[in-house]
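# Coordinates in review
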Amino acid sequence: MLSVVVGGLRARWTSFLGGFLALALGVGLLTATGLGLAAALDPPDRAPERFASSPVVVLGQDRLTVEVRRGPGTALVSRPLDRPQPVDAAVLGALRARWTLTENPAGPARPDAVGLDAPAERVRALVGDRAQVLTGAERRRADPGHERDGHELTGLHALLGTAGGVAAFVSVFVVASVFAFSVALRRREFGLLRTAGATPGQLRRLLLAEAAVLGVTASAAGCALGALAAPPMARALVAHGLAPGWFASGRFADTAGGGAGWPYHLAFWTGLGVALAGAAAAAHRAGRTGPVDALREADVDRDVLPPGRALLGAGLLAAGLGLLVWTYATAPEALLKRKTYTTLPMLLTGGAALLAPVLVRPAARLLPVPRGGAVGLLVRANGAAAVRRTAAVAAPVLVTVALAGTLFGASESVARAKETEARERTAAAYVAEGPRVALPARTPAGAVVSASGPTSLFVRDGAEALVKYPARAVADPAAFAALARLPVVAGDLRDLDDRSIVVNEEFERRRVGEEIEVWRADGSGPVRLRVAAVLARGTGDNGPYVTRAQAPGAPLDRLESDRPPASADEPSAGEPSAAAPPTVNRAARTGLRLLLVLVLLYTVIALASTLFMATSVRGGELASLRLAGATRVQALRAVTGEAVLAVVLGTVLGLGVTAAVLGALGAGLAALSAPVALAVPWAQTGAAAGVCAVVAVAASALPAWRLTR
């Protein structure tokens, strides 16, 4: 059996080249992203900066711990504070009485951390649970850049995880498509084998053995490719500001060199599993081939959608549409999150790709094909008759256009809605934002100036959870109420004072006049605040709002005024109506571009492989066409026209998936009382479709030119 498999692979290497390249690329990307995740999950021990000379650091509490209900009993839950609390005064006094402390002389009287040279056990015994005692690498928690590194690593985990997931998702379809179409082209070969006495089980084992050999070799090559690509990928991520500077250091090189073995195992066995899974359905179909198929000459495809594929495709499509409707009905704010508009389109895209054979024939007859005489009729007829070939070309185009449209369209639409909402929620003529914003020393007569800053509030959600809400602290409630144009659904912004709060519809307690138990950003509290007004949820930036009395130490980062500043040295900014166009987060945009390039690369491989195989076996058909009087140019126009028709069909189906996702997103924005400003990414989808069309024409024209010589 093995000699037959190896001989078959050697004789038909061009048929398996596309699957090999796609699988090797997918495994390589999984290896590189896995190595990146391994390095990010195990960052190197970095030397502390703030207290580098102190072997022991006493840090104020940086988490809020609250008792909540858990079933019949209770449990303690913790949430991180915005910044560590000041070290307890009694602890400071006791430490100063025994040891010399390292403090910032220009800092506050009660610093958030102090360093000292003393036995850690004695310090812990003295401090108890009133503060944290850090030694070794943990002293970095007192550095100001520690939290920033954490945020960068969180974004890096999401980017690498999404890239790996998309690689696995697309590679399954590409490999399965290549195997399925290869089996369809080898129908007569399998019929001859059945005539010679081969059993259905032997045919299935033959194909699975071919897939195993292909999977092992492609996975091994992909692991080597991933190890080579990981260090340049790390340097590129650092250069684009998507990862901390240490990510491309020697520690990552050690990880890529073999320090972490699980990424290689995960990528290799995933690649082998994808190859076997992609060949399983094709092997089942090959086992059903009868001896009479060796005599078939008709190119009209029959039984193009097996029951298993139809059931799986319909299930994925129904699951995607059902989840979209369910998410809109129960939690429309989830439609605005990247996790949702990255994963849900994959279900819709997978279902549509699986059902492509049944959609191709009616779509081919409905699309307006240019009537180029007999060539136009031939293109339409062949596209509708050779369903497997047309669907094999349309499916990867569908995946590319759908992912490009949904990912870019959803992210741009959410960004545009946020930008529009930000412009509409203030009546200020001048807005200044930045870390150094301060109230002006002189205010023009009659001017209204409102300043605010970021803070956090901790609120019990029922009795079972503790939720951390990003909030805004306003310096002057009257000026805030005069300039704000927030979507108030109940209450009045003018009622905000030091003992009240403005909440949104996300809060469990949101009736005007009702009291809410709140912990402040520094962990102090709880305090009971009265609900002064309730806002619509919007895109997620509507409240809550409190005064600075409930946000001790919160810096100002936004200044609004209805008049020009008194002097040129006062902070100011352009008018809100002249703000820059909506943009997506730079890291998110870079990640989306990376994913689009990846999917396009897979599509190019799939299109080139499929069309090269399909056209190479059409020698007899093209010869008959020439004998019927067609010129060489007309034959080439017919072949390339069929390829373009398949690309157009895939583009139309991909745009249908995009319309479904963006339509649900628009409905979700409307349900949240947010501006509905959908952005259809015509540039990205058009570029993807254009690249697919060029590759399809080239991959079909080259073998056709050779066959018509």
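Up top is the structure these notes are about.
Residues numbered from 1 in each chain as written. Predicted model: local features only at pLDDT ≥ 70, side-chain atom pairs only at ≥ 80, totals over all residues. Heavy atoms only, no water.

### A short note on the overall build of the chain
Where we set the bar: Going along the chain from the N terminus, every DSSP run of H or I of four or more residues is numbered as a helix, and every run of E of two or more is numbered as a strand. In what follows, residue pairs with any heavy atoms lying within 4.5 Å of each other are defined as contacts.
What the chain contains, in helices and strands, is 19 helices and 15 strands. Counted over contacts in the chain with a minimum sequence separation of 6, partners at least 24 positions apart contribute 79%.

### Let's talk about the side chain of S450
Let me state the cut-off plainly: For every residue, the accessible area (1.4 Å probe, protein chains only) is compared with the maximum for its type, and the residue is labelled buried under 20%, exposed over 50%, or partly exposed between those bounds.
As for its position among the elements, S450 is in strand β8 (residues 449-461). When its relative accessible area of 5% is taken as the criterion, S450 is described as buried. With residues near it in sequence (within four places) discarded, S450 still touches A479, F480, L483, R558, L559 and E560.

### Remarks on the packing of aromatic side chains
Stated formally: Planes of paired rings set the category: under 30 degrees apart is stacked, over 60 is edge-to-face and the rest tilted, where pairs are Phe, Tyr or Trp rings (Trp by its six-membered ring) whose centres lie within 6.5 Å. Geometrically, a lysine NZ or arginine CZ counts as sitting over a ring once it is within 6 Å of the ring centre and also within 35 degrees of the ring normal.
Across all of its chains, the model carries 3 aromatic pairs by this definition. For the ring pair F480 and Y545, a centre distance of 5.0 Å and an interplane angle of 35° mean the geometry is tilted. Taken as a pair, F480 in helix α15 (residues 477-483) and Y545 in strand β14 (residues 545-547) lie far apart in primary sequence, 65 residues in all. An identical accessibility class is assigned to F480 and Y545; each is buried. The aromatic ring of W705 is capped on one face by R632, whose charged end is 3.5 Å from the ring centroid.

### Some thoughts on the nonpolar core
The following threshold applies: Buried Ala, Val, Leu, Ile, Met, Phe, Trp, Tyr and Cys residues form a nonpolar core when they are joined through side-chain atoms within 4.5 Å.
Ranked by size, the top nonpolar core spans 25 residues in total, and within it V166, V170, V399, L403 and Y602 carry the most contacts. Looking at this core, the elements that each hand over two or more residues are α2 (13-41), α5 (146-185), α11 (338-354), α14 (387-424) and α16 (586-616). Leave out the neighbours within four places in its chain, and V166 touches M346, L595, L598 and V599. Grouped together as the second largest cluster of nonpolar side chains are 21 residues, L242, F247, Y264 and F268 included.

### Notes on a negative patch on the surface
Condition: Patch building starts from residues that exceed 30% relative accessible area and form no salt bridge, then joins like charges within 9 Å and nonpolar side chains (Val, Leu, Ile, Met, Phe, Trp, Tyr) within 5 Å. Residue exposure ignores everything except the shown protein chains as possible cover, and the areas themselves are Shrake-Rupley values with a 1.4 Å probe. Take a side-chain nitrogen of Lys or Arg and a carboxyl oxygen of Asp or Glu: if they are within 4 Å of each other, that pair is a salt bridge. Asp and Glu count as negative and Lys and Arg as positive, but His and the ends of the chain are not part of the count. Here the site of a charge means NZ on Lys, CZ on Arg, CG on Asp, or CD on Glu.
A cluster of like negative charges, contributed by D461, E464, E506 and E508, occupies part of the molecular surface. By the secondary structure assignment, E506 is in the loop between β11 (500-504) and β12 (515-519).

### Structural notes on the pattern of salt bridges
In this structure the tally under the stated criterion is 12 salt bridges. Here D557 makes a salt bridge to R472, at a shortest N to O gap of 2.8 Å. With a gap of 85 residues between them, D557 in the loop between β14 and β15 (558-561) and R472 in strand β9 (residues 465-474) connect regions that are remote in the sequence. Owing to a relative accessible area of 23%, D557 belongs among the partly exposed residues under this scheme. Taken together, the salt bridges that share partners define one network made up of E433, R558 and E560.

### What to know about the sheet that holds strand β1 (residues 56-59)
Heads up, the condition is: Two strands are counted as paired when DSSP detects at least two bridges linking them. For helices, the fitted line uses only the C-alpha atoms of the stretch in contact; every axis is such a line through C-alpha atoms, and the angle between N-to-C directions lies from 0 to 180 degrees.
The strand order across the open sheet built from 4 strands is β4-β5-β1-β6, with neighbouring strands paired in antiparallel fashion. Two strands lie at the open edges of the sheet, namely β4 (101-102) and β6 (132-135), each paired on one side alone. Relative to strand β5 (residues 113-116), β4 is paired through 2 bridges, and the arrangement is antiparallel. Among the inter-strand pairings, T102 is bridged to a residue of β5, identified as G115. The sheet strands contacting helix α4 (residues 120-127) are β1, β5 and β6, and the helix crosses β6 at an angle near 165°.

### Let's talk about helix α18 (residues 632-671)
What counts here: One fewer than the residue count of a helix, multiplied by 1.5 Å, yields its expected span.
For α18, with 40 residues, the first-to-last C-alpha span of 58 Å sits near the 58 Å given by 1.5 Å per residue. Once α18 ends, the next one or two residues include S673, with phi positive near 60°.

### Here's the deal with the pairing of β12
In this structure, β8 lies alongside β12, joined through 2 bridges in antiparallel fashion. When the bridges of β12 are listed, V459 appears paired with V518. When β12 meets strand β13 (residues 527-535), the two strands line up antiparallel, connected through 4 bridges. Considered in β13, the bridge of I516 is made with L529.

### Looking at a nonpolar patch on the surface
Residues V644, V648, V652 and V697 make up a contiguous nonpolar surface patch of about 250 Å² in total accessible area. Tallying contributions element by element places α18 first for the nonpolar patch, with 3 residues. With respect to the helices and strands, the residue V697 is situated in helix α19 (residues 682-707). By relative accessible area, which is 31% here, V697 ends up partly exposed.

### Observations concerning the environment of L559
Note that L559 resides in strand β15. The exposure class of L559 is buried, given its relative accessible area of 6%. Sequence-wise, L559 and S450 are 109 residues apart; in three dimensions their C-alpha atoms are separated by 5.9 Å.

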